[in-house]
Amino acid sequence: METATILKLLGKVTIFEGFGPGDLEDFLAQTHGSTYATDSEIFAEGEPGRHMHIILSGKVDVFRKSGGRPVHLVKLGPGETFGEMSLVLDTNIGRTASIHAIEPTATLTIDYENLARIPSVAAKLYRNISRTLATRLKISTDLVVFQSQYGTDVPPSATLGKPRRKPAVKSAGG
Amino acid sequence: MDTDVADALDGLDLFKGFSYPELKVVGRYLVRLSKKQGEVVFSEGEPGTYMLFLLAGRLSIVKAGGHGERLLCREGRGRMVGEMALLDQEPRSATCVADTECAMLALNVEALNRMADEYPLLAYRLMSSLAKILSRRLRRTSGMLVEFMEN
């Protein structure tokens, strides 16, 4: 893919918010490209790894295992990123989810060491990651406070303005 | 004085791993702030551009609600508040009140941007440290949420 196309695409990537003119080029210089065939595993939950991916083309599925069964979380496409938590969490914590390509997929990858070579850009990247975390934390905290006040009779999704699911009706027994 | 601020920052979670000379440098980007007991530090809904490190005293974080004010949490010495404003400059999501007399250090967006220009390595380590703390908090809160939902 041409540099101009990559730069145009990266201009739409939210994790690069606030990047100045030279920042994207500095960032690109530290990345390498990867391609994945449909149905191939990009990385598995629990695996070690300290690099993040930016999707240039294709689509991936993000899932976790729960009770042995995969729980699908989200699908990601061009301009979106995955793996950034590995740049933040302690090194003994492995990948927090599994990623599979569900279409032929091309990504740009940057790892922790290469990122440390461009500290000015890295500071902006971490600021953006922090912003996402802080937003999730606000939502989580609101949910916890809500739950502690109202108990589990009202599903937490009610706090998000989504339609309420009917609570499961327990049989009277016997 | 550089050393006073450096002493104050030493031991704060966010600055774990920073050397004393580095804390002196960081200290130059911070501003001292004091509040008396009962004073509002910042109000929900007002524009916010700085985060605070609490050096002495206790703060309460409260949110307005349908049934009056709701206490979200209390913060003591060594804790940070208002980091969201530093990250996205959105209006304050809650009100912060000084429960006791408080001594604080403020870091605002403009100062952080200057630090990123003048000392990029320090800014990088600061932001990386902030992301670590937030991710730990998120894991704890998510854990609490799962517990609620399982019980």
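All values derive from a computational prediction rather than experimental measurement.

Draft legend 1. The arrangement of the overall build of chain A in detail. The secondary structure content of chain A amounts to 4 helices and 8 strands. Taken from N to C terminus, the helices and strands of chain A fall in the order α-α-β-β-β-β-β-β-β-β-α-α. Expressed as a percentage of the 174 residues in chain A, the buried residues total 26%. Across chain A, contacts joining residues at least 24 apart in sequence account for 72% of those joining residues at least 6 apart.

Draft legend 2. Just the overall build of chain B, in detail. Along chain B, the regular secondary structure elements total 5 helices and 8 strands. Reading the secondary structure of chain B in the N-to-C direction produces α-α-β-β-β-β-β-β-α-β-β-α-α. For 151 residues, the compact-globule estimate of 2.2 N^0.38 gives 15 Å, and chain B sits close to it at 16 Å. Its C-alpha atoms give chain B principal-axis dimensions of roughly 45 × 35 × 25 Å. Taking all 151 residues of chain B together, the buried fraction comes to 35%.

Draft legend 3. Highlighting the confidence of the model for chain B. Counting all residues, the mean pLDDT for chain B is 90, and 96% of those residues have values of 70 or more. The complex model carries a pTM of 0.80, and its ipTM stands at 0.81.

Draft legend 4. Examining the sheet that holds strand E7 (residues 98-101) of chain A more closely. Residues and elements named next belong to chain A. Reading across the sheet, the 4 strands line up as E2-E7-E4-E5 and stay open at both edges, with antiparallel pairing between neighbours. Either end of the sheet is taken by a strand with one partner, and the two such strands are strand E2 (41-43) and strand E5 (69-76). Going from strand to strand, the sheet's axes swing by 30 degrees on average, the running direction of each strand aside. As judged from the 2 bridges shared by E2 and E7, these two strands associate in the antiparallel manner. Looking across to E7, one finds that phenylalanine 43 is bridged to isoleucine 99.

Draft legend 5. Region of interest: the interface of chain A and chain B. Taken together, the contact between chain A and chain B spans 24 residues of the former and 26 residues of the latter. For the side of chain A that touches chain B, the per-class residue count stands at 14 nonpolar, 6 polar and 4 charged.

Draft legend 6. Structural context of the sheet that holds strand E1 (residues 32-36) of chain A. Residue and element names in this part refer to chain A. The strand order across the open sheet built from 4 strands is E1-E8-E3-E6, with neighbouring strands paired in antiparallel fashion. Looking at the sheet topology across the chains shown, the edges are occupied by E1 and strand E6 (81-82). Relative to strand E8 (residues 105-111), strand E3 (residues 51-57) is paired through 6 bridges, and the arrangement is antiparallel. Its bridge partner lying in E8, isoleucine 54 is registered against leucine 108.

Draft legend 7. Representation of the environment of Leu14(B) in the model. All names here are of chain B. By the secondary structure assignment, leucine 14 is in the loop between helix H1 (2-9) and helix H2 (20-27). A tally of 21 C-beta atoms within 10 Å means that leucine 14 is categorised as buried. In this structure the C-alpha to C-alpha distance between leucine 14 and arginine 79, which are 65 residues apart in sequence, comes to 8.9 Å. When residues no more than four places from it in sequence are discounted, the contact partners of leucine 14 are Met80, Leu126, Ser129, Leu130 and Ile133.

Draft legend 8. Broad picture of the nonpolar core. Residues Tyr126(A), Leu59(B), Ala123(B), Met127(B) and Ala131(B) are the most contacted members of the largest nonpolar core, which totals 67 residues. Looking at this core, the element that brings in the most residues is helix H4 (residues 119-150) of chain A, giving 9 residues. Leave out the neighbours within four places in its chain, and Ala123(B) touches Ala123(A), Leu112(B), Met115(B) and Ala116(B).

Draft legend 9. Structural detail: the pairing of strand E3 (residues 50-56) of chain B. All names here are of chain B. Taken across its 7 residues, E3 has 5 buried, putting it largely inside the fold. Pairing of E3 with strand E8 (residues 102-108) involves 6 bridges; the strand directions are antiparallel. Residue pairing in the sheet places tyrosine 50 in a bridge with asparagine 108 of E8. Sheet analysis places E3 next to strand E6 (residues 80-81), joined by 2 bridges and oriented antiparallel. Paired with leucine 52 across the bridge in E6 is valine 81.

Reading guide: rules and limits
- Residues numbered from 1 in each chain as written.
- Chains lettered and ligands numbered in written order.
- Predicted model: local features only at pLDDT ≥ 70, side-chain atom pairs only at ≥ 80, totals over all residues.
- Helix = DSSP H or I, 4+ residues; strand = E, 2+ residues; numbered from the N terminus.
- Buried ≥ 20, exposed ≤ 12 C-beta atoms within 10 Å, placed from the backbone.
- Contact = placed C-beta atoms within 7 Å.
- Rg over C-alpha atoms; globule rule 2.2 N^0.38 Å.
- pLDDT = per-residue confidence, 0-100.
- Pairing = 2+ DSSP bridges.
- Axes fitted to C-alpha atoms, helices over the stretch in contact; angles between N-to-C directions.
- Nonpolar A, V, L, I, M, F, W, Y, C, P; charged D, E, K, R; others polar.
- Core = buried A, V, L, I, M, F, W, Y, C linked by C-beta atoms within 7 Å.

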